[in-house]
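Descriptive structure summary
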Amino acid sequence: MNNFTYYNPVKIAFGSGSIAQVADLIPSDVAVMILYGGGSIKKNGVYDQVVSALKNHRCVEFSGIEANPTYETLMQAVEKARAENIGYLLAVGGGSVLDGTKFVAAAIPYKGDAWDIPMSQAKIDSAVPLGAVLTLSATGSEMNCFSVVSHKEKKLKKGWANEKVYPQFSVLDPKVTYSLPDRQVLNGVVDPFVHVTEQYLTYPSQAMVQDNFSEGVLRTLIHYGPRALSEKENYEVRSNLMWAASNALNGLIGSGVPQDWATHMIGHELTVLYGLDHAQTLAVVLPSLLRYKVDKKEEKLAQFAEAVWNIKDGSPREKALGAIDRTEQFFRDVGVKTKLSEYSVAQDAPQVVASRLDSAALGEHRDIKRDDIEAILKMAF
Ligand code: NZQ
Ligand code: ZN
């Protein structure tokens with residue numbers, strides 16, 4: 001196991017009815033900005049619950065944060081927050097609203113062009129405190145300090161991280177996910193699945209706690225994922241999926257182990273160029289990437305085969321390949337396509353994406369370079 005520092009200050013308020021707790025979680029002497037997306041929270045009752053909880057706070061609203069939040073939209077929130085002297089931000093939505101709110105929190109006090117923050121991980125001295133009410137469990141943004149922001153004009157999608165933008169709290173009420181459309185429910189199975197594999201399917205590092213935890217999260221997603229579609233209002237199903245997603249990317253399973261993240265880096269380009277949902281890109285890239293890197297990932301893939309897919313027979317290579325097939329089939333069974341040709345993506349996508357990642361050195365060995373990215377995407381076509 002490698003040395004590590006683990007820090008996660010996010011207070012979690014989990015369970016049915018927990019949105020009411022925001023009244024006590026946010027100080028009452030500051031102006032609060034409630035940030036949300038395209039309006040789903042007005043249809044499913046979440047907005048009413050939040051407004052009712054904050055009836056004694058001075059609140060202003062900012063709506064319209066889009067999926068894959070853009071710098072252009074978020075800067076409007078920054079301007080409004082500065083003008084209103086906002087002292088606390090409350091994100092109400094999925095990963096996009098949460099990531100966008102983290103950016104706004106850092107950008108409000110930032111001197112200079114705030115695009116520097118995602119683009120070049122610019123140093124930030126402070127951030128406005130923030131909390132979250134999660135309505136779509138997938139990204140883990142509710143319990144980490146990562147954020148992914150797109151620049152519409154520049155056609156860029158960039159991830160950044162800073163401990164100053166950890167939410168102070170996140171409210172997780174599984175019932176608010178009952179209103180999700182199937183496509184978003186599936187994104188909420190595939191994205192955390194791949195968050196785990198990015199931290200688990202690398203090479204052995206004698207980290208049994210992290211491995212067992214990772215395998216447990218994967219088994220939970222496999223067990224409950226399909227049921228989320230057939231039993232839309234099953235609290236047991238939604239609560240387990242929600243907590244699995246938080247644990248997939250809250251730093252715990254990634255502590256002290258090598259990490260990959262190549263699937264995500266390639267996936268972000270597919271979103272920005274062709275508009276695929278974040279999780280859709282992952283379902284396309286992961287199986288091909290694992291097959292391409294099977295030599296170097298064989299040991300962990302064989303362990304994954306046994307511990308998660310119950311594949312006990314065959315050589316390590318046979319188990320490894322069997323586990324990749326089962327993973328791809330799982331994505332397909334729940335209804336997420338795994339081939340680029342199944343989306344409207346240009347034939348030259350492998351070359352175009354690879355050229356945009358020209359100087360990249362991805363993966364746990366930093367050995368996935370431009371030509372490898374092109375080869376992986378050709379396999380995924
Ligand atoms: O905008 P509204 O109207 O709210 O609708 C949203 C949106 O259209 C809808 N939705 C959310 N909760 C709902 C609901 N509809 C009905 N009922 C509900 N309860 O769902 C749509 C998608 O929402 P979005 O927030 O975009 O989805 P997700 O949570 O998958 O977030 C994706 C973003 O997170 C980034 C991705 O790159 C992408 O930009 N990621 C963030 C990470 C992080 N911070 O750690 C890690 C991830 O790997 C990922 O990159
Ligand atoms: Zn992801």
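Values in this document were obtained by computation on a predicted structure and should not be read as measured data.

Next up on the list: the overall build of the protein chain. Scanning the protein chain from N- to C-terminus turns up 15 helices and eight strands. Its C-alpha atoms give the protein chain principal-axis dimensions of roughly 65 × 45 × 45 Å. Split into buried and exposed, the 381 residues of the protein chain put 58% on the buried side. Counting contacts in the protein chain only where the partners sit at least 6 residues apart, residues at least 24 apart contribute 77% of the total. When the accessible surface of the protein chain is totalled, it reaches about 15400 Å², and 49% of it is carbon and sulfur. Both charge centroids of the protein chain, one from 39 positive and one from 44 negative side chains, sit 2 Å from each other.

What follows is about the coordination of the zinc ion (ligand 2). Donor atoms from the polypeptide that coordinate the zinc ion (ligand 2) comprise Asp191 (OD), His195 (NE2), His264 (NE2) and His278 (NE2), at 2.0 to 2.1 Å from the metal. All donors of the zinc ion (ligand 2) belong to a single chain; written as a sequence motif, their spacing is D-x3-H-x68-H-x13-H. Linking His195 in helix H7 (residues 182–200) with His278 in helix H11 (residues 278–292), this pair joins segments that are 83 residues apart in sequence. For the pair His195 and His278, one class covers both residues: buried.

Moving on to a nonpolar patch on the surface. There is a patch of nonpolar side chains on the surface, built from Met1, Phe4, Tyr6, Phe213 and Leu252 and spanning about 450 Å² of accessible area. Mapped onto the elements, Phe4 comes out in the segment before strand E1 (11–14). When its relative accessible area of 43% is taken as the criterion, Phe4 is described as partly exposed.

The next point concerns the domain arrangement of the protein chain. Put simply, an interface is often sized by how much accessible area is lost when its parts join up. As far as domains go, the protein chain holds domain 1 (11–176) and domain 2 (182–379). Computed over C-alpha atoms only, the centres of domain 1 and domain 2 are separated by 27 Å. Between domain 1 and domain 2, the contact holds 23 residues from the first and 21 residues from the second. When the two sides are added together, the surface that domain 1 and domain 2 hide from each other amounts to roughly 1900 Å², 65% of it contributed by carbon and sulfur. At the junction of domain 1 with domain 2, the criterion picks out zero salt bridges. Joining domain 1 to domain 2, the criterion identifies four residue pairs in polar contact (both at pLDDT 80 or more). Counting residues per element, the ones that place at least two in the side of domain 1 that touches domain 2 are E1, strand E6 (146–151) and strand E7 (156–161). Grouping the constituent residues of the side of domain 1 that touches domain 2 by class yields 11 nonpolar, seven polar and five charged.

Bringing the site of ligand 1 into the picture now. Gly38, Ser40, Gly95, Ser96 and Asp99 are the nearest of the 31 residues found near ligand 1. One of the side-chain nitrogen or oxygen atoms of His195 is found 2.8 Å away from an oxygen atom of ligand 1. Burial of ligand 1 by the protein amounts to 88% of the accessible area it has alone, namely 970 Å². Here the shell around ligand 1 is built from residues that sort into nine nonpolar, 19 polar and three charged. Counting residues domain by domain, the shell around ligand 1 receives three or more from each of domain 1 (11–176) and domain 2 (182–379).

Walk down a regular strand and you will see the side chains alternate between the two sheet faces. For strand E2 (residues 31–36), the tally of buried residues reaches six of six residues, placing the bulk of the element in the interior. Neither face of E2 is exposed, since Ala31, Met33 and Leu35 on one face and Val32, Ile34 and Tyr36 on the opposite face are all buried. Relative to strand E4 (residues 88–93), E2 is paired through five bridges, and the arrangement is parallel. Within E4, the residue paired with Tyr36 across the bridge is Val92.

What follows is about the sheet that holds E4. The strands that make up a sheet are held in pairs by hydrogen bonds between backbone atoms, and each pair lies either parallel or antiparallel. Strand order in the open sheet formed by six strands is E1-E8-E5-E4-E2-E3, and the pairing between neighbours is parallel. The outermost strands of the open sheet, each flanked by one partner alone, are E1 and strand E3 (58–62). Going across the sheet, the axis of each strand differs from the next one's by a mean of 20°, ignoring polarity. Together, E2 and E3 form the strand contacts of helix H4 (residues 71–84), whose direction differs from that of E3 by roughly 160°. Each of E1, strand E5 (130–134) and strand E8 (169–172) is contacted by helix H9 (residues 235–248), which is oriented at about 170° to E1, the strand it contacts most.

Remark: H11 packs on helix H15 (residues 370–379), axes separated minimally by 8 Å, with the N-to-C direction vectors making an angle of 120°. It follows from the interaxial angle that H11 and H15 lie oblique. Every pair of crossing elements has a handedness; the one defined by H11 and H15 is right-handed. Every residue of H15 that contacts H11 at Val285, Ser288, Leu289, Arg291 and Tyr292 is listed here: Asp372, Ala375, Ile376, Leu377 and Met379.

Once that is clear, we can look at the pairing of E8. Neither face of E8 is open: one carries Phe169 and Val171, the other Ser170 and Leu172, and all of them are buried. Sheet topology note: the E1/E8 ladder contains four bridges and is parallel. Of the residues in E8, the one forming a bridge with Ile12 is Ser170. Note: E5 against E8, four bridges, orientation parallel. Looking at E8, one finds that Gly131 is bridged to Phe169.

Thresholds, definitions, all that
- Residues numbered from 1 in each chain as written.
- Chains lettered and ligands numbered in written order.
- Predicted model: local features only at pLDDT ≥ 70, side-chain atom pairs only at ≥ 80, totals over all residues.
- Heavy atoms only, no water.
- Helix = DSSP H or I, 4+ residues; strand = E, 2+ residues; numbered from the N terminus.
- Buried < 20%, exposed > 50% of the residue type's maximum accessible area, 1.4 Å probe, protein only.
- Contact = heavy atoms within 4.5 Å.
- Areas by Shrake-Rupley, 256 points an atom, 1.4 Å probe, with all protein chains shown as cover.
- Lys, Arg positive; Asp, Glu negative; His and termini not counted.
- Charge placed at Lys NZ, Arg CZ, Asp CG, Glu CD.
- Donors = N, O, S within 2.8 Å, 3.2 Å for Na, K, Ca; no water.
- Patch = residues over 30% accessible without salt bridge, like charges linked within 9 Å, V, L, I, M, F, W, Y side chains within 5 Å.
- Salt bridge = Lys/Arg side-chain N within 4 Å of Asp/Glu carboxyl O.
- Domains from an automatic or database assignment.
- Buried area = accessible area lost by both parts, 1.4 Å probe.
- Polar contact = N/O pair within 3.5 Å; in protein donor to acceptor, adjacent residues only side chain to side chain.
- Nonpolar A, V, L, I, M, F, W, Y, C, P; charged D, E, K, R; others polar.
- Near = heavy atom within 4 Å.
- Pairing = 2+ DSSP bridges.
- Axes fitted to C-alpha atoms, helices over the stretch in contact; angles between N-to-C directions.
- Parallel < 35°, antiparallel > 145°, perpendicular 65-115°, else oblique.
- Left-handed = near helix turned anticlockwise from the far one by under 90°.

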